[in-house]
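# A look at the structure
Chain by chain, the residues run as shown.
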Amino acid sequence: MATAALVTLVVGDEELLADRAVSSVAAAVRADDPGAEVHDLVGGKVEPGELTRLASPSLFGETSVIVIRSAQDLSKEVIAEVVKYAAHPAEDAVLVLAHPGGVKGKALVEGVKKAGADVVTVSKLTKPAERLDFIKGEIKRAGRSISPPAAQALLDAVGSDLRELAAACSQLAFDTAGKIDEAAVAQYHRGRAEVSGFTIADLAIEGRLGEALEQLRWALATGVAPVLIVSALAGGLRSLAKVGGAPRNLRGGQLASHVGMPPWKIDRVKRQLSGWGQDGISRAMQAVAVADEQVKGAGTDPAYALERAVQIIVASRTGR
């Protein structure tokens, strides 16, 4: 049996860290049992009895990893089933629950904690010093080191989004040699002052195809890394999905807390939502996922992959 806990609860609204915590559990199981089957579920779609079925012993003895994301959206019946299961988990299954925190689904959090689940907390990194530590940790994970001034320069260039920072650290570690200093950061990020991935993402999401493609080509010509542009496109679409999918009765601070965004950003995303539907957002996110694979080595032409993603995003918005 894997060394991972039989039941793990990941609590917190820092998406990147939560995703990594979930992945680390699955990786620990597969390190022990390469044939382990992973079932990746979304809270709102889990049916009563599904957990019990998936956790049932396999005929071939493989371990099952059952991941339930957005666990706050589980129905009351399923929450009761999960809490009961957590008290007496199957020996051949590992359950991982990802919950963003907050009031919704509180009974689940309290119930599985009381049942003895392993709890991993992933809080938002709100202080600059925490983000600097994150950068240093990312560079260290890549087997490299970075000077404090360079870490600060990278934070200034990229901003506070952890996915953006992680992508920037990964690409910087891959593209440079020796200890990463300010000069390396400055060279890598030349052109970001003129055009950023966020600019391109906003233009694409707003349906301004010509401008988005023009800015994309300029960004690539001036050295903006394709992986950062993909990350910005994905981040913009995730924001649309979060705000668009939020309960209609939430306003102001409640809405900001629910979607994990500052009010000014919510106002901008609300304006961008005009012309978008859930199906369109889904199509656009699929296109970005394909582009992500292409720019990370699956394709030979990152520029084409990005242009294609931008075109699909704009077409998905207009419904064409």
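As a reminder, the structure under discussion sits directly above these lines.
Remember, predicted model here, so these are calculated numbers, not experimental data.

About the thresholds
- Here the residue numbers are simple positions, counted from 1 along each chain's written sequence.
- Note on the predicted model: pLDDT of at least 70 is required for a residue's local features to be given, and 80 or more for side-chain atom pairs to be given and counted; whole-chain, interface and lining totals, by contrast, use all residues.
- Calculated side-chain values reflect all of the structure's heavy atoms, with hydrogen atoms and water omitted.
- Strands are runs of DSSP state E lasting at least two residues, helices are runs of H or I lasting at least four, and both sets are numbered from the N terminus onward.
- Each residue is placed in one exposure class: buried if its accessible area under a 1.4 Å probe, protein chains only, is under 20% of its type's maximum, exposed if it is over 50%, and partly exposed if it falls in between.
- Contact definition: two residues touch when any of their heavy atoms are within 4.5 Å.
- In what follows, salt bridge is the name for a side-chain nitrogen of Lys or Arg lying within 4 Å of a carboxyl oxygen of Asp or Glu.
- Pairing between strands is defined by DSSP: at least two bridges between them are needed.
- Here an angle of 0 to 180 degrees is reported between the N-to-C directions of two axes, which are lines fitted to C-alpha atoms, with helices fitted over the stretch in contact.
- Geometric relationships in this document are graded by angle, where less than 35 degrees denotes roughly parallel, more than 145 denotes roughly antiparallel, 65 to 115 denotes roughly perpendicular, and other angles denote oblique.
- Three classes are used, and their members are as follows: Ala, Val, Leu, Ile, Met, Phe, Trp, Tyr, Cys and Pro are nonpolar, Asp, Glu, Lys and Arg are charged, and the others, Gly among them, are polar.

### Observations regarding the environment of I146
Counting through the fold element by element, I146 comes out in the loop between α5 (128–141) and α6 (148–158). Exposure remark for I146: the relative accessible area of 10% places this residue in the buried category. On a C-alpha basis, the gap between I146 and A234 in space is 27 Å, while along the polypeptide they are 88 residues apart. Those residues in contact with I146, other than ones at most four positions away along the chain, are I135, K136, I139, A151, K179 and I180.

### Regarding the pattern of salt bridges
Going through the model one piece at a time under the given rule, you end up with 16 salt bridges. R238 is paired through a salt bridge with E15; the nearest N and O atoms lie 3.5 Å apart. Here R238 is found in helix α11 (residues 226–244), whereas its partner E15 is found in helix α1 (residues 15–32), with 223 residues between them in sequence. For E15, a relative accessible area of 26% gives the class partly exposed. The partner of E50 in a salt bridge is R53, and the shortest N-O contact between them spans 4.0 Å. Of this pair, E50 and R53 both sit in helix α2 (residues 50–54), separated by three residues, roughly a single helical turn.

### Considering the sheet that holds strand β4 (residues 93–99)
The parallel open sheet is built from five strands, whose spatial order is β2-β3-β4-β1-β5. This sheet does not close on itself; its edge strands, each paired only once, are β2 (37–42) and β5 (118–121). Within the sheet, the average angular offset between the axes of one strand and its neighbour, ignoring direction, is 15°. One ladder, built from six bridges, connects β2 with strand β3 (residues 64–69); its direction is parallel. When the sheet's bridge partners are listed, H39 is paired in β3 with I66.

### Here's the deal with the side chain of S239
Checked against the element boundaries, S239 lands in helix α11. Overall, the relative accessible area of 7% leaves S239 in the buried class.

### Some points on the packing of helix α3 (residues 76–87) against helix α4 (residues 106–114)
One can describe the packing of α3 onto α4 by two numbers: an axis separation of 8 Å at closest approach and a directional angle of 10°. For the element pair α3 / α4, the angle class is roughly parallel. Along its contact with α3, which presents I79, V82, V83 and A86, the element α4 presents A107, L108, G111 and V112. For the contact of α3 with α4, the residue count by class is seven nonpolar, one polar and no charged.

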